[in-house]
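# A closer look at the structure
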Amino acid sequence: MSGGWAGSNRRAELPPDWYTHIRPFVLARDEYRCRNRIDGVVCGRTANQVDHIGDRHDHRPEMLQALCAECHAAKSSRQGNDARWTVRMTRPPERHPGLL
Ligand SMILES: [Zn+2]
C-alpha cells in the first residue's frame, strides 16, 4: 500500500512499533472485525484500520480498536466537527404511521 499520508503529520505521532507490533496486535485481538457501534450495534465489517478510542497519543492496546475503512473515515471526518454532529444526531421522534 502507498499514499494516504500526503500532507499529514500523523505518521510522526505514531510510536516506532506501531506497524510492527501494536497495530497487528489490535487487529488480531479484535479478529479483524470493526468494533464501531452504530446505534448500539457493532459494525462487524472486516477491519483494516486501528483507531484511538481516546487520546490519539495514547497507544495502549485497551485504548485502541479495530475499525473498517468506512467507520474510520466517518469518525475522522467527525473529529473537529463535534458541535455540528451533536445537532444532527439528535433526531426528532418519528410518528408511527399505524398509530391512531
Ligand atoms: Zn465499521
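So, here is what we can say about the structure in this document. (Residues numbered from 1 in each chain as written. Predicted model: local features only at pLDDT ≥ 70, side-chain atom pairs only at ≥ 80, totals over all residues.)

### A short note on the overall build of the protein
Inclusion rule: Helix and strand assignments follow DSSP, with helices taken as H or I runs no shorter than four residues and strands as E runs no shorter than two, numbered in order from the N terminus. Partly exposed residues are those falling between the two cut-offs: more than 12 but fewer than 20 other C-beta atoms within 10 Å of their own, whereas 20 or more means buried and 12 or fewer means exposed, with C-beta atoms placed from the backbone. Working definition of a contact: two residues with C-beta atoms, positioned from the backbone, lying within 7 Å.
From N to C terminus, the protein includes four helices and four strands. Walking the protein from its N terminus toward its C terminus, one meets helices and strands in the order α-α-β-β-β-β-α-α. The proportion of buried residues among the 100 residues of the protein is 13%. For the protein, restricting intrachain contacts to residue pairs at least 6 apart in sequence, the fraction spanning at least 24 positions comes to 43%.

### A closer look at the nonpolar core
Rule in force here: What makes a nonpolar core is a set of buried Ala, Val, Leu, Ile, Met, Phe, Trp, Tyr and Cys residues, with links drawn between C-beta atoms within 7 Å.
Counting residues in hydrophobic clusters, the biggest one holds nine residues: V26, C34, A47, V50, L64, A66, L67, C68 and C71. Of all the elements, strand 4 (residues 64-67) adds the most residues to this core, at three residues. In this structure, C68 is in contact with C34, C43, R45, T46, A47 and Q49, ignoring residues within four places of it in sequence.

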